[in-house]
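Here is how the chains run, residue by residue.
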Amino acid sequence: MSAPSPDPKAGLHPRNRHRHRYDFRELIQSFPALAPFVRPNAYGDVTIDFAEPAAVKALNQALLRHDYGIAPWDIPAGYLCPPIPGRADYVHHAADLLAADAGSGEAPRGPAVAVLDIGVGANCIYPIIGTHDYGWRFVGTEIDPRALENARWIVEANAALSRLVECRRQHSASALFRGVIRPGERFELTLCNPPFHASRAAATAGTRRKLRNLGGSKSGGLVRNFGGQANELWCPGGELAFVRRLIAESGEFAENCRWFTTLVAQAAHLPPIRDALTRVQATDQRTIPMRQGQKQSRIVAWTFHPVRKSSTRPTATGSR
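Residues numbered from 1 in each chain as written. Predicted model: local features only at pLDDT ≥ 70, side-chain atom pairs only at ≥ 80, totals over all residues. Heavy atoms only, no water.

## With respect to the overall build of the protein chain
Heads up, the condition is: The way it works is that DSSP assigns letters per residue, a run of H or I at least four long becomes a helix, a run of E at least two long becomes a strand, and they are numbered from the N terminus. Between buried and exposed lies partly exposed: a residue is buried under 20% and exposed over 50% of the maximum accessible area for its type, with that area taken using a 1.4 Å probe on protein chains only. Contact between two residues is taken to exist if any of their heavy atoms lie within 4.5 Å; hydrogens are not considered. Here the Shrake-Rupley method, with its probe set to 1.4 Å, supplies the accessible areas, and only the displayed protein chains count as covering residues.
Helices and strands together make up the secondary structure of the protein chain, namely ten helices and nine strands. Here the protein chain holds 320 residues, and the buried ones make up 52% of them. Partitioning the intrachain contacts of the protein chain with sequence separation of at least 6 by distance along the chain shows that 71% fall at a separation of at least 24. Element-wise, carbon and sulfur atoms account for 52% of the exposed surface of the protein chain, whose accessible area totals about 14,500 Å².

Below is the structure:
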């Protein structure tokens, strides 16, 4: 008898609606265009080929329609098609941060909770998850005009989003918060998924590694199964330089936001990130681990506000 296939979603947050194996029968009922991509694997389960971009996008369209009531949803060719379970985990761990900060043990809900998504992308994924699961109000920023246009289309085409999501253009390549946070505007939380790589060449090499791990083709033209444009995948200095810039600029907007957060993919970047947070005199900084199967990542969160005595910290490592 063949061994069961490993669960690639082990370790996801308890509130993550994608913690269990996909029910492809239900997903196909919600989005019939997924059916041609679903096939048996070596263990007798049904799945899709995650090295095939069209299959990944069809799965996302099915998940967003079935689990979040979002239709239509699409992205321009070549743009980032996000892995939804991992993106949902970020939102749920961030909600725990707010719950602990309030001392209630319950994640705050409703449009009074304003969230700033730095780099909303063409896919608009964080506002989709945050509005559906918590009713939060979002401002999403984007420097890429085409990505911004698509995100606005998704918002306008879905009534559940149009009431709660605003997309703003970031006109400056050197700014992250400047130019998009308005005077007196207040956010409980910021979210950010930084570019991981330092160059196009590094991004290409990373894609080849991913395709090998997924069992994709090793020959022919390079295909990114999740897509991604330059500003989504790489920037000068890569992830560490981007996060340092995010931290430095956050100090200018200390009064506008309760908690700043960012994903950090590489554990080796944590010590210099903590040093940067010490230099800007953050009053509290936390590292919240995340795991999806064998993949490990983390959220780094910081604030310039006093931490309430009644707060119960979320599970974290590296807190100060």
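Back to the text.
## Thoughts on the nonpolar core
This is how the line gets drawn: The nonpolar core is taken to be a set of buried Ala, Val, Leu, Ile, Met, Phe, Trp, Tyr and Cys residues, with the residues joined through side-chain atoms within 4.5 Å.
Residues Leu34, Trp136 and Leu189 are the most contacted members of the largest nonpolar core, which totals 58 residues. Of all hydrophobic cores here, the second largest spans 27 residues; its members include Val139, Ile181, Leu240 and Leu246.

## Some points on the pattern of salt bridges
How we decide: Any Lys or Arg side-chain nitrogen located within 4 Å of an Asp or Glu carboxyl oxygen qualifies as a salt bridge.
Tallied over the entire structure, the rule returns twelve salt bridges. Across the pair Arg17 and Asp133 runs a salt bridge, and its minimum N-O distance is 2.7 Å. Of this pair, Arg17 sits in the segment before helix 1 (24-30) while Asp133 sits in helix 4 (residues 125-134), and the two are 116 residues apart along the sequence. In this structure, Glu252 engages Arg178 in a salt bridge whose closest nitrogen and oxygen atoms are separated by 2.9 Å. Remark: Arg178 occurs in the loop between strand 5 (165-169) and strand 6 (187-192) and Glu252 occurs in the loop between helix 9 (238-250) and strand 7 (257-264); sequence separation between them is 74 residues.

## Let's talk about unusual backbone geometry
For the bond running from Ala71 to Pro72, omega is 10°, close enough to zero to count as cis. Within the secondary structure, Pro72 sits in the loop between helix 2 (53-68) and helix 3 (84-102). For Cys124, which is not glycine, the phi dihedral falls at a positive 60°. Positioned with a positive phi, Gln281 is a non-glycine residue whose angle comes to about 65°. Tracing the sequence through the fold places Gln281 in the loop between helix 10 (270-279) and strand 8 (284-292).

## Looking at the sheet that holds strand 8
Counted only if it meets this: Strands are labelled as partners when DSSP assigns at least two bridges between them. To get an axis, a line is fitted to the C-alpha atoms, and for a helix only the part in contact is used. The angle between two axes follows their N-to-C directions and goes from 0 to 180 degrees.
Pairing is mixed across the open sheet formed by seven strands, whose spatial order is 5-4-3-6-7-9-8. The sheet terminates laterally at strand 5 and strand 8, the two strands that pair on one side only. Averaged over all adjacent pairs, the angle separating strand axes in this sheet is 20°, with direction ignored. Pairing of strand 3 (residues 114-118) with strand 6, which is carried by four bridges, proceeds in the parallel orientation. Within strand 6, the position partnered with Val115 by the bridge is Leu189. Against the sheet, helix 5 (residues 145-157) makes contact with strand 4 (137-142) and strand 5, and its axis sits at roughly 165° relative to strand 5, the strand it touches most.

## Let's talk about helix 5
Here is the rule we go by: Here the expected length of a helix is defined as 1.5 Å per residue gap, with one fewer gap than residues. The directions considered for the arc are those from the helix axis to the C-beta atoms.
In a regular helix each residue adds 1.5 Å, so 13 residues correspond to 18 Å; helix 5 covers 18 Å between its end C-alpha atoms and thus fits that length. Buried within helix 5 we find Ala147, Leu148, Asn150, Ala151, Ile154 and Val155. When helix 5 is viewed along its axis, its buried side chains cluster within an angular range of 165° and face the same direction. Facing away from the buried side of helix 5 by over 90 degrees, the exposed positions are Glu149 and Glu156. At its buried positions, helix 5 is contacted by helix 4, strand 4, helix 6 (159-162) and strand 5.

## Things to note about the confidence of the model for the protein chain
What counts is decided by this rule: A score between 0 and 100, pLDDT records how confident the predictor is in each residue.
When pLDDT is averaged along the protein chain, the result is 86, and 81% of the positions lie at 70 or above. Counting contacts from residues 202-211, a segment whose pLDDT is below 50, to residues more than four positions away or on other chains yields 17 contacts. Note that pLDDT drops below 50 for residues 216-226; the model gives that stretch 29 contacts with residues more than four away or on any other chain.

## Here we look at the environment of Ala107
Positionally, Ala107 belongs in the loop between helix 3 and strand 3. The sequence separation of Ala107 and Asp96 amounts to eleven residues, and the corresponding C-alpha distance is 5.9 Å. If sequence neighbours within four positions are ignored, Ala107 has contacts with Arg15, Ala95, Ala99 and Tyr134.

## Some points on helix 4
Because each turn of an α-helix spans 3.6 residues, side chains separated by three or four positions in sequence point in the same direction. Buried residues dominate helix 4, accounting for nine of its ten residues. Three or more residues of helix 4 are buried, namely Ile125, Tyr126, Pro127, Ile128, Ile129, Gly130, Thr131, Asp133 and Tyr134. Positioned one or two residues after helix 4, Gly135 has a phi angle of 70°, which is positive.

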